[in-house]
Structures are given as C-alpha cells and as structure tokens.
Amino acid sequence: MADLAALTDDVLAEILLRVPSLRDLARASASCASFRRVASSPCFLRRFRPLHAAPPLGVFCCYPAGGGGTAGSQFHAALPSHPSAPLAGAVARSADFSFAFLPPPSADWLVRDSRDGRFLLDRARDGTTAFTEVAICDPLFRRYRLLPPIPDDLAAAVDNPYVQRGGDGDLQSRSSEIFLASRSDDSVSEEDPAFTVIWMACCRGKLVAFFYSSESQQWRVLSPPEHYALSTRRVMGVRLGQRNHAHGCFYWMVALTHRWLVLDTRKMEFSIVDISPVLSGRAMMFSNQITTLESSDGRTTVVVSDVFRPDKRCLLYFYAFMYFSDRWQLLNRVALPEEWGYRFRGIIGAAEGYLFIKLDHPKENLNDQIERHVEFFSLDVKTMQLGSFCRTTLLTVTEAYLYCDFPPSFTLPSI
C-alpha cells in the first residue's frame, strides 16, 4: 500500500471529494493533518460544496413585538441528540445572528430569507412597506452588501401592492415578496460569489416582479403570467402563501385558490399550475400545509398535510409532481402521532431527504410559562422515522426558516 504521505494534494482532493457526507469529511479532516489541509483549501471547497447539500443546522425564528418591546429573531441550533448538533454548535458560536454588523439601528432589520449561507434582510424606508432597503449578508464572516434601490422607471409599474407579510400598521408589515435564488454551480467564486435576488408584488389584477443579479448589479423586469387566479376580480387581494423550493423552482399557493404560482429560476419564467387534484376534499387553512421535496432522481415530490379531519389526526400524502397533468401519482400516506393533531402547524422546509415539522405548545403546558415552547421535528421520508430537531421558548413565532449551511471550517465567504 502506498504511503499516505507520498500522495499529492490533488490525489487527496479526489479521494475526499468522494466521501458520502460533510460529517464524514469532518471526521476525515480531524484524523489527519494532510486531509485537514486539503479539505480546508478554497480550491477544494469550491469543488466540494456543489456536490453535497449543506446540512440542516437549526431554525431561525422571527417573533413579533410584544409588551412594548421590539420585534426580533433568534437562531435555535439543532438539539444535542441530532446528528447535526456538533456542526450547529460551531456555527452558533462563530456567527453573528444578531446582525449587529449591519448599518444601525440593527433592530430595524427584518429577516426575509436565508439560502446558501447568506441572509436577506430589509428595513422600511420613506414610509413604504414595498420598496425597502435591502441587505445581503454573511453572518459567519460578518460581511454585507446593500442593494441599490429599484429604479423609478421600474417601480412605476407597482400600484398599491397588497400586504404579503404582517398586517396594516405592523412594523413588520411588508407589501413585497423578496428572496434569494439558489446559485448555480459555476457562479461560485472565492473573490466575488454571485447571487440573485427576486422581488415581487401583487397589485390589482397583476403581478409585478424584478430580479437583481450581483454580476450585472442591475434590477431587471421579470415577465409575470397573465392569469385570472392573480386578478382581484376573483379574490379580495392576492396574498401569496409559504414559499417552497425544489430543483431551481419556487412555488407559492395563491390565496383562496387551488393554484400554484411557479417561478423557474433556471429560465426566469413564471407559470400557473392547477393543484386542485391533490387538494380535493381537504381543508387548506394554512399555506404551509403543502410543500415540495427534492427527490434523489431529480424529480419533485409534493407533500400535502391533511389536518382538519373529523378524527383529529394529521396525515401526510406524498405525490409525484406531474407538472401539467390532472393525474398525480400517490407515492405514500403517513399518519403522524395522534397527539400531534391539535399541535401541527405545518412543514417549514425540507433538506437532505427530511421534512421539518412545526408543532405548537403541548396542550397540558399552556399555563406553565417554563414549559411553553414550539418544537420542530424531522421526518425521514425514506424510513418515515421521526426525530426531535430543535425547540424554542418563544411564545409566538411569526416566521420560521430552516437554516442549512456548512460549518466555519468548511465555509468560504458568500459576500
């Protein structure tokens, strides 16, 4: 057997690129100085990251103002029992999730999205809840970039947009949907990693959308679909549901309809999809009762939560997504624990073949301040095994973002 010390860094890199997971890479790096040197090099990391999904490390929760206080957000790392706990702890110790490095006052900034190690935050300016000041930041490296405002000639198309988050008069109220699109593999560079931001607003009878590319440093128009599901002639104000993502596409349920608004970021094209076949006979009270899951074969799986049932049970239905078809293939049906029926508050995200489920306070603990908490569980979609992921003692969680990232030792600056 060849001496390990005789292997070149290029050969070691090829070996390490083939380890099954980030956790295996971490163990290999800890066992050998040569492995550690190669695995922490920027050249290796730029090759490794596109091949391996970032593990789920915790949940980032936003909470409203209460009792005269201010609204805010907190990161809740994976519990010690979860396999990601060591990585999550390393990130929690290294990152600044208070975003104190952003222009003051830091309390004005509102978390809107998290993807690829970046966070998107905004704050109201000039009294508008639609055209906010936007910052893209990296809490691990404490870097940020302020985006230029949307040009006036583009903004002129936006007329009295409907509230998409919060309510009228709420300091966290927003009349736009703004988020980060996944980066492509060839956009990752050590010097200036690229990113794309999508901005959307629902106005009377139309959807207005723009996108910003860090490479062009310009806002451009996205052509929306013309569809009666987006017209206020049918509904009193269009409000988009929870944003879901799979294989480069984003999905929103359009309120009071059984339709999805779909954005394919690979083509930068919108479409409307009828999803009534999988919702028929089920009460859809929350937009996070339906979510998307990336299948290993490159297809998209749709998960529908059937909650408001006479037997008070919660069932999950797994369907193969047939894009423009009235036939949806049922893949599986799973009954969640009976006591979850009244606690289930939806699915907040999916990663690495797991769904992440939000549960409200246990009924018997509502009057006990110490025991009040919101819990998040993981569901392995292959084995259908449930596991505790993390929890928070926040009494009210307005938004919950599943946070996935690489630990500091295997991370490059994303801004």
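Since the structure is predicted, the reported quantities are computational estimates derived from the model, not experimental observations. (Residues numbered from 1 in each chain as written. Predicted model: local features only at pLDDT ≥ 70, side-chain atom pairs only at ≥ 80, totals over all residues. Heavy atoms only, no water.)

## Considering the nonpolar core
Across soluble globular proteins, nonpolar side chains show a tendency to be buried alongside one another. Grouped together as the largest cluster of nonpolar side chains are 53 residues, with contacts concentrated most on Leu16, Leu25, Phe44, Phe99, Phe119 and Phe376. The leading source of residues in this core is strand E1 (residues 56–63), at five residues. Built from parts of two domains, this core gets at least three residues from each of domain 1 (11–52) and domain 2 (53–404). Among residues more than four places away in sequence, those in contact with leucine 16 are Leu25, Ala28, Phe35, Val38, Ala39, Phe44 and Phe48. Membership of the second largest hydrophobic core comes to 22 residues, among which are Val134, Leu154, Val197 and Cys203. (Core = buried A, V, L, I, M, F, W, Y, C linked by side-chain atoms within 4.5 Å. Buried < 20%, exposed > 50% of the residue type's maximum accessible area, 1.4 Å probe, protein only. Helix = DSSP H or I, 4+ residues; strand = E, 2+ residues; numbered from the N terminus. Domains from an automatic or database assignment. Contact = heavy atoms within 4.5 Å.)

## With respect to the pairing of strand E22 (residues 386–392)
Relative to E22, strand E21 (residues 374–380) is paired through six bridges, and the arrangement is antiparallel. Bridged to valine 374 within E22 is threonine 392. Between E21 and E22, which pair antiparallel one after the other, the connecting turn spans five residues, and methionine 384 there sits at a positive phi close to 60°. (Pairing = 2+ DSSP bridges.)

## A look at the sheet that holds strand E17 (residues 315–320)
Working definition: the strands of a sheet are paired by backbone hydrogen bonds and lie parallel or antiparallel to each other. Ordered in space as E15-E16-E17-E18, the four strands form an open sheet in which the pairing is antiparallel. Looking at the sheet topology across the chains shown, the edges are occupied by strand E15 (290–294) and strand E18 (329–335). Across the sheet, the axes of successive neighbouring strands diverge by a mean angle of 25°, strand direction being ignored. One ladder, built from six bridges, connects strand E16 (residues 300–306) with E17; its direction is antiparallel. Counterpart to valine 304 in the pairing with E17 is tyrosine 317. (Axes fitted to C-alpha atoms, helices over the stretch in contact; angles between N-to-C directions.)

## Remarks on helix H5 (residues 85–94)
Within H5, the full set of buried residues consists of Ala85, Leu87, Ala88, Gly89, Ala90 and Val91. Buried residues in H5 make contact with helix H2 (22–31), E1, strand E2 (72–77) and strand E23 (399–404).

## Comments concerning the pattern of salt bridges
On inspection of all chains with the given rule, the structure shows 16 salt bridges. Here aspartate 9 and arginine 37 are joined by a salt bridge, their closest N and O atoms 2.6 Å apart. In this pair, aspartate 9 is assigned in helix H1 (residues 9–16) and arginine 37 in helix H3 (residues 33–39), connecting sequence segments 28 residues apart. Aspartate 9 gets classed as partly exposed once you look at its relative accessible area, which sits at 35%. Arginine 345 is the partner of aspartate 360 in a salt bridge, and the nearest nitrogen-oxygen pair spans 3.3 Å. You can see aspartate 360 sitting in the loop between strand E20 (354–359) and E21 and its partner arginine 345 sitting in strand E19 (residues 344–351), a full 15 residues away along the chain. On the accessibility criterion, arginine 345 (29% relative accessible area) is partly exposed. (Salt bridge = Lys/Arg side-chain N within 4 Å of Asp/Glu carboxyl O.)

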